[in-house]
Structure formats: C-alpha cells, structure tokens
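# Structure assessment
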Amino acid sequence: MNSCFSLASISKQFTAFAVMLLHDKKLLDVDKPAQIYLPAEMKIDESITVHHLLSHSSGLYNFYNYFENDFFAGYNRMDYSRDDFFRRYINKKPTKPPGTAYDYNNANYNLLAWIIENVSGEKYDDYIRNNIFLPLNMINSDVDDGSEIIKNRSCNYVKDFGVNIKCPYHNEKFSIGAGAIISSSEDLYKWYICLRDRQILSQEAYARFFNENGDNYCYGLECHHVYGTVRYSHGGDHLGISTYMQDYFDEDICIIILSNNEAINQYRLGWSLPGGGVDPGETIH
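Figured I'd write up the structure that's included with this text.

Conventions used here
- Residue numbers here run from 1 along each chain, matching the order of that chain's written sequence.
- Since the coordinates come from a predicted model, pLDDT governs what is reported: local features require at least 70, and pairs of side-chain atoms require 80 or more to be given and counted, while whole-chain, interface and lining totals use all residues.
- The basis for the side-chain values is all heavy atoms of the structure; hydrogens and waters are excluded.
- Three labels apply to residues, based on accessible area from a 1.4 Å probe with only protein chains included: buried if under 20% of the type maximum, exposed if over 50%, partly exposed otherwise in between.
- In this description a helix means any DSSP run of H or I spanning at least four residues, a strand means any run of E spanning at least two, and both kinds are numbered starting from the N terminus.
- Note on pairing: DSSP must find at least two bridges between two strands before they are called paired.
- For this analysis, a salt bridge means a side-chain nitrogen from Lys or Arg found within 4 Å of a carboxyl oxygen belonging to Asp or Glu.

### A few points about the pairing of strand 7 (residues 229–238)
Here strand 7 lies mainly inside the structure; seven of its ten residues are buried. Bridge analysis of strand 6 (residues 222–226) against strand 7 gives five bridges, and the strand direction is antiparallel. Its bridge partner lying in strand 7, Cys223 is registered against Tyr232. Once strand 6 ends, the chain turns through two residues before running back antiparallel as strand 7, passing Tyr227 with a positive phi of about 55°. As paired strands, strand 7 and strand 8 (residues 241–248) are joined by seven bridges and run antiparallel to one another. Note on strand 8: the bridge partner recorded for Gly236 is Thr243. Where strand 7 hands over to strand 8, the hairpin turn is made up of two residues, of which Gly240 adopts a positive phi near 75°.

Spelled out as structure tokens, the structure:
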C-alpha cells in the first residue's frame, strides 16, 4: 500500500493545480501572457498565455516529437541546467499561433513549473509539497529530483530482449512540471477526494481547472463523456513507467493503475474496468 511509483504525466494535474492555487491568490492570471511570470532570462512569445500552456495550445516547438536530437539517450543524462535546457530545446520559434491547435507538449508544463517557482519564490518541489501533499496528508508523495533516496520507492523496469532489467538512468530534473512526481495508490485516492469534494481551490478556480478545451483536454486532465457519465483521466508513459488514473465523480469511482514496468497497456486495462462491475466508491489499484 505504501509503495511509491513514478507517475510520469499524471504529474501534470498537480502542476496545473498549483498554478490555479497561485491564480486563486491573485499572484498570477491564467489569461495573461506567460512571459510576464517567467524569469527575465526566459522569454517566450508574448501572445502565449498561461492558459495556452495549461491546455497544450501554445503552439510551442515540440522537441519530444524529434528523437533524432538524442535528447533521451544523451542530453537527458547530463547535469541539469534550467537555462541551457530552455535555450536548447524550448526557446524556438512557435510552430503554430497560440490558441489555434491542441498539441500535447511537455515543454508547456516545464514552463509552468518555472512560473510556479518564479511567482511563489519557492522551488517547484517545495511548493507542491507544502501546498498540496502536506495539506492532503499525502505522506508517500514527493517530487523525484533523480538524486535523493526516496523511502518505499519502486524501481522501474524495462524489457531487454524479453528479459526484465532495471531501467537505464535518466535525469528526472528535465521532467519538471511535466512528470517526476512519485506517489502511492493510497495517496492518489486522497488526491481523488480533493478533486471530488473540491477542496483547497475556490469554486471559480475549479470551474476553470475542469473546463474542457481543445481535444477534450482540461488543465492536466482529460475529460470524456462515456458510459452515460463524465470521466476525468490522465495517463503516464516513460522509461519503465505505465500509469493511468480515472475519476468518475458522480459515481464516486476512482481507478488507479500504477506499474513500474512499461510492458502493460494501462489504458486498455483502465477502459475495461468500469464495464466490469466496479462498485461505486471502490478504488482499484
């Protein structure tokens, strides 16, 4: 129950929630240009708003689509430099005008993490811990910086010619905002209750957080109308990580799939479970 798993992109909803906390405190406005909240040396097109980053509609260059740049096998294993990472991979001419198209892009959430740090004056992991994990008593959740030893942390495994081996090293610092959070099934159920009961955020902020934008994407969550009801969900895929979380608030059903092996199809498994006789209020891990 206390085993901690890497969440990969399930982490995005925590980043989005943290941004809405700052919005609630009037420390930022999600409809204002993102560049006014970024550090002075990290400027992007002034027409890109915080909302565009949250909804993956910024039009920013998506370097994750181009594996020939050797990011994961090379640069990702180097010492982390935020400014060099920004200059080399993110600070490029946008490929589309902001607000015109949905394009799932981790760079949007990297920038949101840096906005959180710049606006709050705290490191990203400290802000998430102090304003989300501790208030919700999520004692087995943290941000993995790739260096610290984390209690109850499950190692990630990959297939190598049919044999399970430990996942090769990758530097989680480059996943800031878009991934890198670790958690347990028990803690994620506490998170589900926070969203279900609309704790911490104002009702106005929750309305914005859950609002559907392009391609069914809200802020860090997807929204689909299935089985005659509404499902909020998000998955995560990375080296040795397969995760998926589904929330059916009206039926009080929370489905959590955490795997430290990338060999499963967590989405297919998750989609099959609601039709398989899940009782309201039951949590599946």
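### Quick look at the environment of Arg87
Within the element layout of this structure, Arg87 appears in helix 3 (residues 82–90). Residues Arg87 and Lys32, spaced 55 residues apart in sequence, show a C-alpha to C-alpha distance of 23 Å.

### Remarks on the pattern of salt bridges
For the coordinates displayed, the defined rule picks out eleven salt bridges. The partner of Glu41 in a salt bridge is Arg82, with the nearest N and O atoms 2.7 Å apart. With Glu41 in the loop between helix 1 (12–24) and helix 2 (50–54) and Arg82 in helix 3, the pair connects residues that are 41 residues apart, well separated along the chain. Classification of Glu41 as partly exposed rests on a relative accessible area of 47%. Put simply, Arg129 and Asp142 hold a salt bridge, and the shortest N to O gap is 2.9 Å. Within this pair, whereas Arg129 is found in helix 5 (residues 124–133), its partner Asp142 is found in strand 2 (residues 142–143), the two being separated by 13 residues in sequence. Look at Arg129 and you get partly exposed, because its relative accessible area is 23%. With relative accessibility at 21%, the residue Asp142 sits in the partly exposed group. Within the structure, one salt-bridge network assembled from shared partners comprises Asp125, Asp126, Arg129 and Asp142.

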